Amino acid sequence: MMRGKRIWAAGMIFCMLVLLSACGSKGTVAGSKVYVGVTYYDQSDTYMNQLIDCFRNEMDGLGESGLDITVTVRGAGGSQITQDDQVKEMIGAGCNILCVNLVDRTDPSEIIELARQNNIPIIFFNREPVAEDMHRWDRLYYVGADAEQSGVMQGELAVEAIRDNPQTDRNRDGRIQYVVLEGEPGHQDAIIRTESAVNTLKKKGIELEKLSYGIANWNRAQAQNRMMQMISQHQNRIELVLANNDDMALGAMDAYQKLNYTESALPLFFGIDGTDVGIKAVKEGKLAGTVYNDKEGQASAMAKLVKAMAAGEGMEDIRFTNDKYIYLPYSKVKQ
């Protein structure tokens, strides 16, 4: 009888050790090989492509430092269903760390459940899930930036440019007539960027009149089309264009160029993200300013998380907000 109990107890201990070995501890990836699966919302997004390139470089550096690391990157083409399938595929191929830039920040349930069932940590990046979803499991992290800060900085850049250039108020009515190009309908960052930019202008004493807005889905070509429509409706009245990202600001400029507007008739254009092409446009005096979204810092933070998970140490050295979030600051870029 005693011998049977000892065998049973030994079996239970063995099972527990196997489970612990397979799962690893919080923040730790079991096994010596690191397979990072990356999926991002749309491969046509200029900023996201540059961020992914930075992350690849960081992963190459980890490989050179001795980690046995493999990275697979997939673009979801703007489809949450496609992204869910990509996660399934990468998990089936042996992925043990996921980096996810959500298509729909309000719909991460299937991805979180798949990761939890397979005990695979997720680093969400650049598109922040809602807080309730982030607290569904203790192996979910977020790397990104504060959307409100970007809007405030865009507003501050616009205030400075308007005060430095009184001719911005071309009709001399004491108000700045403006339009907005927004990223996505109902998208948290788009809404916050717009609201905080406009509120900052008003708080700084700039009188505004909103003429119109257009949804351009972060896309340059769509922004050009929306801007053409707004120019057709409002002609020379538009004095300021606030765009939620650089691609849309550049699309607005493309519309004016296509219509052969002279430089003196152009409004002020402002973007956000600080893409390579956006910064070039600022340096050339085409964009009045942009707000730099630190892609290098975000990629580095993601890499530190990957390294800490792989090594089983170092998480305590990472500066989190509320144990899950890493926010990188924006900075202004002006002429």
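Here we summarise the structure given alongside this text. Quick caveat, the model's predicted, so the values are computed rather than measured.

This next bit is on the overall build of the chain. A tally of helices and strands in the chain yields eleven helices and twelve strands. For the C-alpha atoms alone, the extent of the chain along its principal axes is close to 100 × 35 × 35 Å. Counting across all 335 residues of the chain, residues that qualify as buried make up 53%. Surface summary for the chain: the accessible area is close to 15,800 Å², and the carbon and sulfur share equals 49%. Separation of charge centres in the chain, based on 36 positive and 45 negative side chains, amounts to 2 Å.

We note that Asn119 has phi near 55 degrees; this positive angle belongs to a residue other than glycine. With respect to the helices and strands, Asn119 occurs in the loop between α4 (109-117) and β4 (122-125). Of note in this structure, Trp218 is not a glycine but carries a positive phi near 65 degrees. With respect to the helices and strands, Trp218 occurs in the loop between β7 (208-215) and α8 (220-234).

Taken as a whole, this structure holds six aromatic pairs when the rule is applied. Note on Tyr325 and Tyr327: the rings are 5.8 Å apart at their centroids and 5 degrees apart in plane angle, and the pair reads as stacked. Residue classification places Tyr325 among the buried positions, given a relative accessible area of 6%. Tyr327 gets classed as partly exposed once you look at its relative accessible area, which sits at 34%.

The next point concerns the pattern of salt bridges. Here the structure, examined in full by the defined rule, presents 15 salt bridges. Notably, a salt bridge pairs Glu296 with Lys295, separated by 3.6 Å at the nearest N-O pair. Look at Glu296 and you get partly exposed, because its relative accessible area is 36%. Because the salt bridges share partners, they merge into one network encompassing Asp173, Arg175, Glu209 and Arg237.

Turning to the pairing of strand β5 (residues 140-144), a few remarks are in order. Extensive coverage of β5 is indicated by the burial of five of its five residues. Here β5 shows no split at all, with Leu140, Tyr142 and Gly144 on one side and Tyr141 and Val143 on the other all buried.

We now examine the pairing of β7. Where strand β6 (residues 176-182) and β7 come together, seven bridges link them in parallel fashion. The residue of β7 that forms the bridge with Leu181 is Gly214. For the crossover that starts at β6, traverses helix α7 (residues 188-203) and ends in the parallel β7, the hand is right-handed.

Bringing the nonpolar core into the picture now. Soluble, globular proteins show a tendency: their nonpolar side chains are buried together. Val36, Phe125, Met227 and Val306 are the most contacted members of the largest nonpolar core, which has 65 residues in total. No other element matches the nine residues that helix α11 (residues 295-311) contributes to this core. In contact with Val306, not counting residues within four places along its chain, are Val34, Val36, Phe55, Met59, Leu62, Ile69, Ile97 and Ile123.

So, how was this worked out
- Residues numbered from 1 in each chain as written.
- Predicted model: local features only at pLDDT ≥ 70, side-chain atom pairs only at ≥ 80, totals over all residues.
- Heavy atoms only, no water.
- Helix = DSSP H or I, 4+ residues; strand = E, 2+ residues; numbered from the N terminus.
- Buried < 20%, exposed > 50% of the residue type's maximum accessible area, 1.4 Å probe, protein only.
- Areas by Shrake-Rupley, 256 points an atom, 1.4 Å probe, with all protein chains shown as cover.
- Lys, Arg positive; Asp, Glu negative; His and termini not counted.
- Charge placed at Lys NZ, Arg CZ, Asp CG, Glu CD.
- Phe/Tyr/Trp six-rings, centres within 6.5 Å; stacked < 30°, edge-to-face > 60°.
- Salt bridge = Lys/Arg side-chain N within 4 Å of Asp/Glu carboxyl O.
- Pairing = 2+ DSSP bridges.
- Right-handed = clockwise from strand over helix to strand, strands pointing away.
- Core = buried A, V, L, I, M, F, W, Y, C linked by side-chain atoms within 4.5 Å.
- Contact = heavy atoms within 4.5 Å.

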